[in-house]
Amino acid sequence: MSQNDSQTIALIGGGPAALFSLKHILLKQIQTDKIIIFEKNGHLGMGMPYSNAGAGHEHVANVSANELPELVDDIETFVTEYPTDEFPDYIKNGHINRDQVIPRLLLGKFLENQFKKYIKMAKKSHIDVVGLTNTSVQDITTVQDGTFKIFTDNNEQLVANVVILCTGHQWLKSFEGKHKGWYDSPYPPSKFTQHTNHPVAVKGASLTAVDIIRTLSRLNGEFKHDKDDKLTYTLHSKSRNFKIDLYSLSGLLPALRFHSEDDAFSTDWKMSFKEIFEYKKNNGGFVDLDYVFDKNFKSVVKNKDPEFYNEISELSIEEFVDKMMKLRRELDSFDLFKAEYAEAEKSIKRHQSITWKEALTAFSYAMNYPAKHFSAEDMLRLNKTLMPLISIIIAALPQSSYREMITLYDAGILQLSNVDRESTVEPFENEGAIYRYQTESGDSKEISYKMYVDATGQSAMNLSDLPFDGLKESGFVSSGYLSFKETEEAIELNKKGNKQIIKGYNKNFYLKVNGLSINDHFQALDSYGKVQEKLYIMSVAYIGGLNPDYSGLDFCDTAADTIAESLAMPKMISKVDLGA
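Since this is a predicted model, take the numbers as computed values, not measurements. (Residues numbered from 1 in each chain as written. Predicted model: local features only at pLDDT ≥ 70, side-chain atom pairs only at ≥ 80, totals over all residues. Heavy atoms only, no water.)

Quick notes on the overall build of the protein
For the protein, the count of helices and strands is 16 helices and 26 strands. Since a compact globule built from 580 residues should have a radius of gyration of about 25 Å, the 24 Å found for the protein is in line with a globular shape. By its C-alpha atoms, the protein is 70 × 60 × 55 Å across when sized along the principal axes. Burial analysis of the protein (580 residues in total) assigns 52% to the buried set. As presented, the protein carries roughly 27,400 Å² of accessible surface, and 46% of it is formed by carbon and sulfur atoms. Distance between charge centres in the protein, computed from 65 positive and 80 negative side chains, equals 2 Å. (Helix = DSSP H or I, 4+ residues; strand = E, 2+ residues; numbered from the N terminus. Rg over C-alpha atoms; globule rule 2.2 N^0.38 Å. Buried < 20%, exposed > 50% of the residue type's maximum accessible area, 1.4 Å probe, protein only. Areas by Shrake-Rupley, 256 points an atom, 1.4 Å probe, with all protein chains shown as cover. Lys, Arg positive; Asp, Glu negative; His and termini not counted. Charge placed at Lys NZ, Arg CZ, Asp CG, Glu CD.)

Dropping the structure here:
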């Protein structure tokens, strides 16, 4: 494509992040002549989680119709316009239960449909939208005139003025494909095709682990309801030795979905950019984690549940987490699982929220705004203390997944072991893996398996993992860092061998966080902290260090809105007519 004066925006990746980017480019009336969408798979809008790359018919999302961000249509309208008999547990007589979680493949079809509608709207407004499916971007280089050159696996070279990285999940492989019985992720689920007449080791116990449990349980047996409508599970004759051993650092299972209020996420609860910078100006250049916790969690609880607030009002973050985790540590994980299910069922039937869980979820969502402005000390506190509890609560396991897991547990097919941080798993002889760990009582264990699946979820990617050498060589992207408030703590951590502690040329110390450096508008920062105004990064694998809660459709919607707002800042009166 020859270079000219037109504005071209390139979306690298065509999943949900790109869908919401297109939505907000139109809503914010961004003036552009062309939008090019690069998608390595055959469908736009689905991404990995909602396509065959990440789901089968057995997999469900952890959102309902009521919780989806606003798009052109509601999913209920889509189901009416495009009837299907593929999902009988969700669509009954042409209607859906709006509180029920959505099958992931159905949600993917809906997102693809909405992507096509936004493309039509853009074209009616004289924006040329080019959707390049089955096209992988091999590299992105910078050009002296400020544009980007994009190289594809089809030997094409395309030029763009603005690039938004929307590449989604990235699963790195260690031994998968080289060592029999070793899988570095549960995706795509279609790679599991045969019965498993032996125990399987699964690393992880949250939503990614639930995906592999749903897949393997159906390959090796069958769920049915008995005459009393109780769910039962029967192994196939060729899988009588099948079982699943989960291994978790926390030894805990995810929390269950519960009734959530309509105002669960109020924009009033998060810090505005103006408030962030005012706070930093008056507080030594940082936003304090304790302040954000008080504003985005405790104040919410105070308004919605004064009785519970009185119990926690004087507690520090560490004391609050200890209080909330105490029961979890004392009870057997599956006994707690059953108790939380009863609590969640009561919440749903009575349409009453579980306030502290809802508020903690809201806090997780809201803290993304100030997290880039935390001190290194507070980010370490957050990751060590709060995030283990948050990750359990925000998982929001659907009730249907709970029922299947409890059925497998009661049948003696599913169990969970708590392992220490020094535990290891490595290939075993010619097949599978060997798990080595210490129990809570100090006993050493070595257990070998013919099959192992890493289900710990998306690993944080770093600068070296970014597949676009041109961006790295140009210096447009850099690793994420946070400054320390107190040099003494950094020196102490450095002495203890913490490899995340980096000494700068100015003799200051920094905490190297996972992923890339970005600002509040998701613009890339180079190693000198300079903003690369036309390069945006909302790829989930590369922003987790400075955006602790970075997954889900809500995040895609919010991040895309922020990026579009940034694009709209310099000039832009648009020709986009959303009513067309």
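Next comes the rest of the write-up.
Section: the side chain of D378
Considering the arrangement of structural elements, one finds D378 in helix 12 (residues 376–394). With relative accessibility at 8%, the residue D378 sits in the buried group.

Digging into the pairing of strand 10 (residues 157–160)
One ladder, built from 4 bridges, connects strand 9 (residues 148–152) with strand 10; its direction is antiparallel. Looking across to strand 10, one finds that K149 is bridged to V159. Connecting the antiparallel pair strand 9 and strand 10 is a turn made up of 4 residues, with N155 showing a positive phi of about 60°. (Pairing = 2+ DSSP bridges.)

Overview of the environment of H225
Position of H225 relative to the elements: it lies in strand 14 (residues 221–225). Under the relative-accessibility criterion, H225 is labelled exposed at 52%.

Quick word on the sheet that holds strand 20 (residues 444–449)
Strand order across the open sheet formed by 3 strands is 18-19-20, with antiparallel pairing between neighbours. Strand pairing shows two members of the sheet lacking a second neighbour, strand 18 (424–427) and strand 20, which therefore form its edges. This sheet shows a mean twist of 15° between the axes of neighbouring strands, independent of strand direction. Looking at chain direction, strand 18 and strand 19 (residues 433–438) are connected through 4 bridges and run antiparallel. Paired with E426 across the two strands is I434, which belongs to strand 19. (Axes fitted to C-alpha atoms, helices over the stretch in contact; angles between N-to-C directions.)

Considerations on the packing of aromatic side chains
Counted under the stated rule, the structure contains 24 aromatic pairs. Between F175 and W182, the aromatic rings sit 5.2 Å apart at their centres with planes inclined by 75°, giving edge-to-face as the arrangement. Classification of F175 by relative accessible area gives partly exposed; the value is 36%. Given a relative accessible area of 6%, W182 falls into the buried group. Taken together, a centroid distance of 4.7 Å and an interplanar angle of 50° make the contact between Y183 and F192 tilted. Judged by relative accessible area, F192 falls into the buried class, the value being 7%. (Phe/Tyr/Trp six-rings, centres within 6.5 Å; stacked < 30°, edge-to-face > 60°.)

Topic: the pattern of salt bridges
Counted under the stated rule, the structure contains 29 salt bridges. In this structure, the salt-bridge partner of K117 is D73, at a minimum N-O distance of 2.5 Å. Note that K117 is positioned in helix 3 (residues 104–124) and D73 in the loop between strand 3 (60–64) and helix 2 (75–81), a separation of 44 residues in sequence. Note on D73: relative accessible area 19%, which makes it buried. We note a salt bridge from K191 to E176, for which the minimum N-O separation is 2.8 Å. Pair noted here: K191 is in the loop between strand 12 (182–183) and strand 13 (199–203) and E176 is in the loop between strand 11 (162–165) and strand 12, with a separation of 15 residues, a long-range link. Each of the salt bridges in this network shares a partner with another, and the network as a whole consists of D290, E318, D378 and R381. (Salt bridge = Lys/Arg side-chain N within 4 Å of Asp/Glu carboxyl O.)

Observations concerning the sheet that holds strand 9
Taken in spatial order, the 3 strands of this open sheet run 8-9-10, and their pairing is antiparallel. The open sheet is flanked by strand 8 (137–142) and strand 10, the only strands paired with a single partner. Going across the sheet, the axis of each strand differs from the next one's by a mean of 25°, ignoring polarity.

Description of the environment of T133
Here T133 shows up in the loop between strand 7 (128–132) and strand 8. Judged by its relative accessible area of 29%, T133 falls in the partly exposed class. Taking C-alpha positions, T133 is 28 Å from I518, a pair spaced 385 residues apart along the chain. Those residues in contact with T133 that sit more than four places away from it in its chain are E39, N41, G42, H43 and L44. (Contact = heavy atoms within 4.5 Å.)

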